[in-house]
Amino acid sequence: MSLPATSYQPQTLPRAIGEGKLSVGADGAVTRVAELRHSGCLKVLMPRTFRADAEAVLVNTAGGITGGDRFDIAAEVGTGAALTLTSQAAERIYRSSDGTRARVETRLRVADGARLQWLPQET
């Protein structure tokens, strides 16, 4: 039995796309979340703490980064607020199968009198 002749069409691999946006502000001596948004395979988690400043953890549910992946991270800390922002684990980088590049863009904004600790795990 022979298979029917078909023309081979290379398939485009699905790419990981994720966006995370976090904004915090001061409410007296306590830092509160003003805006929290995430989409795709990038999640922003806020662990429960008993401190006055805020903590956030970035999680890439795709399991690594390879060619064609796109991640956009934005964090803003308002006057008098304090935020510690980190990643869940060291990120794995995989070789691109087709030569395309991955992009990770991070935008951090800290107001006067605010504090941000940006502590991503190593790659």
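Scope of this entry: the structure provided in the associated data block.

What counts, and at which threshold
- Residues numbered from 1 in each chain as written.
- Predicted model: local features only at pLDDT ≥ 70, side-chain atom pairs only at ≥ 80, totals over all residues.
- Heavy atoms only, no water.
- Pairing = 2+ DSSP bridges.
- Helix = DSSP H or I, 4+ residues; strand = E, 2+ residues; numbered from the N terminus.
- Axes fitted to C-alpha atoms, helices over the stretch in contact; angles between N-to-C directions.
- Buried < 20%, exposed > 50% of the residue type's maximum accessible area, 1.4 Å probe, protein only.

**Quick look at the sheet that holds strand S5 (residues 70-77)**
Here is step 1 of the chain: Taken together, the four strands give an open sheet; going across it, the order is S2-S1-S5-S7, and neighbouring strands pair in mixed fashion. The open sheet has two free edges, formed respectively by strand S2 (30-40) and strand S7 (103-110), since each of these has just one partner strand. Neighbour-to-neighbour, the strand axes of this sheet turn through a mean angle of 5°, independent of strand direction.
Here is step 2 of the chain: Bridge count for strand S1 (residues 17-27) against S5 is eight bridges, and the pairing is parallel. In the sheet register, Val24 faces S5, and the bridge partner there is Val77.

**Concerning the pairing of S5**
Here is step 1 of the chain: When you tally the buried positions in S5, you get six out of eight residues, the bulk of the element.
Here is step 2 of the chain: In this structure, S5 lies alongside S7, joined through eight bridges in parallel fashion. Bridged to Phe71 within S7 is Val104.

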